[in-house]
Amino acid sequence: MSNYLYPLASLAQIQKSPSREDGIPEDLELKLKQVRLAHPEQSLPSPPSSDSGSSSPKQDSEESYFLRSLKECLAIYEEPSRPRSESLALLSDEEVIMLANNGNIATYALEKLFGMDQLERAVRIRRAILSRASSTGTLESSSIPYENYDYSRVLGACCENVVGYIPIPLGVAGPLTVDGKQYPIPMATAEGTLVASTSRGCKALNAGGGVSTVLVGDGMTRGPAIDFPSAIQAGKAKAWIDSNEGHAALREAFESMSRFAKLKSLKTAIAGRTLYVRFATTTGDAMGMNMISKGTEKALEAMQKRFPEMVVLALSGNYCTDKKPAAINWIEGRGKSVVAEAVIPGHVVKTVLKTTVRDLCNLNVKKNLMGSAMAGSIGGFNAHAANILTAIFLATGQDPAQNVESSMCMTLMEPTGLNGEDLLVSVTMPCIEVGTVGGGTVLAPQQGVLDMLGVRGAHPQHPGQNAQTLARIIASAVLAGELSLLSALAAGHLIKAHMAHNRSQVNTPAASVPVTPGAGFASRA
Ligand code: ADP
């Protein structure tokens, strides 16, 4: 960053700086001198004359002192001999806002114009512009934080029109033993009792020796919609894709895009004259939507050569199916398909979970299986898989919208061991869509969480293993959550626990805050 930059960086900051008797902040005058030396050609604002006779209040005189005319600011901004970022550094925030409000600067392009070393300033100025244009005018001075954030990782990758960031409390449940290794379970959530409840489930699972997982599938999917002039022609294309020749041609084109993408299957379906093709591929440690989209595009180009009459309506024809409820995901799987299983000794069910194997199994059948069947659910045969999964998604930089299909889960419980006194419990989750490279995993705090789990970035020896391990951890944590909530329901603890742990003391009138602590932990579902 140039040493003369930000002569008038923040009006608010400068107004707070120590002033001399003449009312001119000392550090400001120093900075102005530096700018004058560096850019003698610039017409910089002069200090207000003490004998000007102006009767305007101090605030007014400071405003006019800091703000040059629109014409002057434009001349500085559009000076052709300098890069735009340097010109902007010569203008105060208020002057930049004036140019933006006058239509000379696009608010969405502030970061591009300011350059990499002034990203936070771009965010601060956008907040001011949007705030002042809004009916409430609160954004600029709101408690939405924006300082001390690495916006270089956000730019062009994670978010546009950035005005700050939203912190979410991060708790840790567990540790939980998964496949013989202990993991802390990171959960970003604002739902009281969720972490505590999951922790209780971890305790019970650990007491039985921990969770064992099996990965039964790994394949991200994309399903374009392709129009043909007639159903006959669509049928011919379908037959070609289903043939060895067609499959091989599409595979070759698809896999040319990435060394991580290995085409696993092609599923075709026709509706009228429209053909749908569901590409399924491994994607290494990436969740894989970008990767598979590029591969699908290549495959369709190859197909177009053979079927020039076809029209690709959309790369995603909802046959994927991404971020929408769909039976195809539940049946075929999407992302990582994981089963997590454990045995809980009967005495642990009694002492830690405060219920019995018999009550748990009965409730699981009546609620998670029969209740969901009565409701016509697809993949919702669980108590609150989405609660645990989404909290871990947020903590580890996953795409939270994919919780729609990723949370599909069937929870099963049955008595096991001598006289059926122990509990065999499992969750079956066919669509855990996670990655440890790309997307929100590039952000530093999320990377810190992935580091804590030992699964950040690309696996050095076995591409894909980090993402698969994360999916196994998530399924295991869901198992802990299921166990704890079902137990709380079976024992009738739910209402009491919520009253004690999940009522905001801040917004709740004192008289209505319960004083009796709950007997156990639970979470709403
Ligand atoms: P997504 O496909 O999930 O949207 P990105 O496209 O943002 O993810 O990130 C994937 C990128 O990371 C690809 O360009 C890929 O080449 C690169 N990459 C590096 N190592 C790996 C790995 N082990 N697995 C998957 N992708 C990897």
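Reading guide: rules and limits
Residues numbered from 1 in each chain as written. Predicted model: local features only at pLDDT ≥ 70, side-chain atom pairs only at ≥ 80, totals over all residues. Heavy atoms only, no water. UniProt positions renumbered as here; feature names shortened; annotations may be inferred. Helix = DSSP H or I, 4+ residues; strand = E, 2+ residues; numbered from the N terminus. Expected span 1.5 Å × (residues − 1). Buried < 20%, exposed > 50% of the residue type's maximum accessible area, 1.4 Å probe, protein only. Arc of directions from axis to C-beta. Near = heavy atom within 4 Å. Polar contact = N/O pair within 3.5 Å; in protein donor to acceptor, adjacent residues only side chain to side chain. Areas by Shrake-Rupley, 256 points an atom, 1.4 Å probe, with all protein chains shown as cover.

In the annotation of an unreviewed UniProt entry, the entry for the protein chain reads 3-hydroxy-3-methylglutaryl coenzyme A reductase, and the organism field reads Candolleomyces aberdarensis. Looking at the Subcellular location (unreviewed entry) heading of the UniProt record, one finds this comment for the protein chain: "Endoplasmic reticulum membrane". Taken verbatim from the UniProt record of the protein chain, the Catalytic activity (unreviewed entry) comment is "(R)-mevalonate + 2 NADP(+) + CoA = (3S)-3-hydroxy-3-methylglutaryl-CoA + 2 NADPH + 2 H(+)".

> Help me out: how do you make sense of helix 9 (residues 194-207) in this one?
The α-helix advances 3.6 residues per turn, and as a result positions three or four apart in sequence lie on the same side. For helix 9, with 14 residues, the first-to-last C-alpha span of 20 Å sits near the 20 Å given by 1.5 Å per residue. All buried positions along helix 9 are accounted for by Leu194, Val195, Ser197, Thr198, Arg200, Gly201, Cys202, Ala204 and Leu205. Following helix 9 by one or two positions, Gly209 adopts a phi angle in the positive range, close to 105°.

> Is there a simple way to think about helix 18 (residues 444-453) in this case?
Among all positions of helix 18, only Gln446, Gln447, Val449, Leu450 and Leu453 are buried. Viewed end-on, helix 18 has its buried residues packed into an arc of 155°, placing them on one side of the element.

> Would you mind going over the site of the ligand with me for this structure?
In the vicinity of the ligand, 15 residues are found, and the nearest of them are Asp285, Gly288, Asn290, Met291 and Ala458. For the ligand, an oxygen atom lies 3.3 Å from a polar atom in the backbone of Met287. In this structure, Asn290 approaches the ligand through a side-chain N or O atom, which is 3.0 Å from an oxygen atom. If the ligand stood free it would expose 570 Å²; the protein chains cover 72% of that surface. The greatest single-element share of the shell around the ligand, amounting to three residues, is contributed by helix 12 (residues 289-306).

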